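# Summary of the model geometry
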Amino acid sequence: KVEKLKGELDYRQLRHSETPMTEREIQYSLNDVLIDASLIWDRIKSDGNIARIPMTATGYTRRLCRNACLPHRDKSRWKYARNIARLSLTVDEYYCALQAFAGGYCHASPLSCGAVLDNVASVDWTSAYPAAMVCEKEYPVSKGIEIDPRKIVSRETLIQKAREFAFIGSFEFYDIDSKTEVDYYISKSKTHNARGIEEFNGRIASAEFIQICLTHLDFLTILENYNIGKIRVLRLWQYRKGYLPKEIIETVLLQYGKKTKLKGVAGMEAEYLNGKRDTNCIYGMLVTQLNRPEVEYNAETGKWQIVPVDTAEVIEKYNNDQNRFISYLWGIMVTAICRRNLWGMIRECGTDYHYSDTDSGKISNYEAHEEYFENLRKEYESLQ
């Protein structure tokens, strides 16, 4: 209800408590406070009281999803809560998952760096993260079973597990060498121990040895793109594969519908913005780190300080939380799915590939690869 005042302020000027201010500067500053106050009062009216206003925008998304998954005084609540309670974690399992998590793949082909390219096409996966959450059957839907590495007798056994089950694990790779020069999948920053590395801008082209934590999807993608002399499994947790819960999928679709259908519709501005916010925040909600350090104010020193948390206590609280409605493992699979899809494009385009970022790529000779993209579109449509 309060609009931001228009006009320019000189933000380069150093200011302090005794800096003289013009009437215009005072009005500009007061108005910024009135905007916040107006929003807070609106939220108090809609949320009930000030204590129910979330600390972040993601808090509204979390509330929306929790109400969908755990409806108040509804019998379905107890069935969902019982199923989600089974998806507990051990401390070691959580640390492996935390190390296996990686974001979107963003890199330029070594063959294209420094070049000026003409007639380059852009390819883009529309809303790749929501699509991965809705369409893919790659998510852990059972309690993890730790597999004795001695029972994995061959590489073929491990590949079969990766195709049949979801897993996270810690691996050692020996004598690895990329099958292609157009780009390199493994990020050096994700390795724990390594030697004999040849890299390009943080990505590993070859190495004598690396230790790394991976999801089943990353494991298969690496095998498709690297020759590996020897693989040793250090730890491995296995899960039954499945889709995300129907309640999560329906919430994604509902908010995505608002984002796409209500843009520019008069009188629906708030619904559109909420749909856009929630569509973007559901993924962020899934990958929120469990053992985030806390920031506390030290009254004795007058300074803020970062205080680590006890991960074992955090995981115990997480496992026993009756209001929990998601699994941390789901979020790490979303990005792994999108990296797998992106690298399908990179392999298809070969030397026509130049650059990629999470859900998009820059390529030459689009016509030569158009059938691949059309088939990919049809494949995803069949999953919906």
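Bear in mind that the values here come from a model prediction, so they are computed numbers and not experimental data.

### A closer look at the pattern of salt bridges
Per the stated rule, a full pass over the model turns up 17 salt bridges. Between R340 and E138 there is a salt bridge, and its shortest N-O distance comes to 3.7 Å. Here the residue R340 occupies a position in helix α11 (residues 328–349), and E138 occupies one in the loop between α5 (128–135) and β3 (139–140), the gap between them amounting to 202 residues. Using a relative accessible area of 23% as the deciding quantity, one classes R340 as partly exposed. E138 gets classed as buried once you look at its relative accessible area, which sits at 12%. Taking the shortest distance from any N to any O, the salt bridge between D148 and R150 comes out at 2.9 Å. On the basis of relative accessibility, which here comes to 25%, the residue D148 falls in the partly exposed class. Sharing partners across several salt bridges, the network here consists of E136, E138, K241 and R340.

### Some points on the sheet that holds strand β1 (residues 106–108)
One open sheet holds the four strands; their spatial order is β1-β13-β14-β2, and the pairing between them is antiparallel. In this open sheet, the two edge strands, each paired with only one partner strand, are β1 and β2 (121–124). Taken pair by pair, the neighbouring strands of this sheet meet at an average axis angle of 20 degrees, ignoring direction. In the sheet, β2 pairs with strand β14 (residues 360–363) via four bridges, with the strands oriented antiparallel. Of the residues in β14, the one forming a bridge with V123 is G361. Running at roughly 175 degrees to strand β13 (residues 353–357), α11 makes contact with β2, β13 and β14 of the sheet.

Rules used throughout
Residues numbered from 1 in each chain as written. Predicted model: local features only at pLDDT ≥ 70, side-chain atom pairs only at ≥ 80, totals over all residues. Heavy atoms only, no water. Salt bridge = Lys/Arg side-chain N within 4 Å of Asp/Glu carboxyl O. Helix = DSSP H or I, 4+ residues; strand = E, 2+ residues; numbered from the N terminus. Buried < 20%, exposed > 50% of the residue type's maximum accessible area, 1.4 Å probe, protein only. Pairing = 2+ DSSP bridges. Axes fitted to C-alpha atoms, helices over the stretch in contact; angles between N-to-C directions. Contact = heavy atoms within 4.5 Å.

These figures come from the coordinates and say nothing about function on their own.
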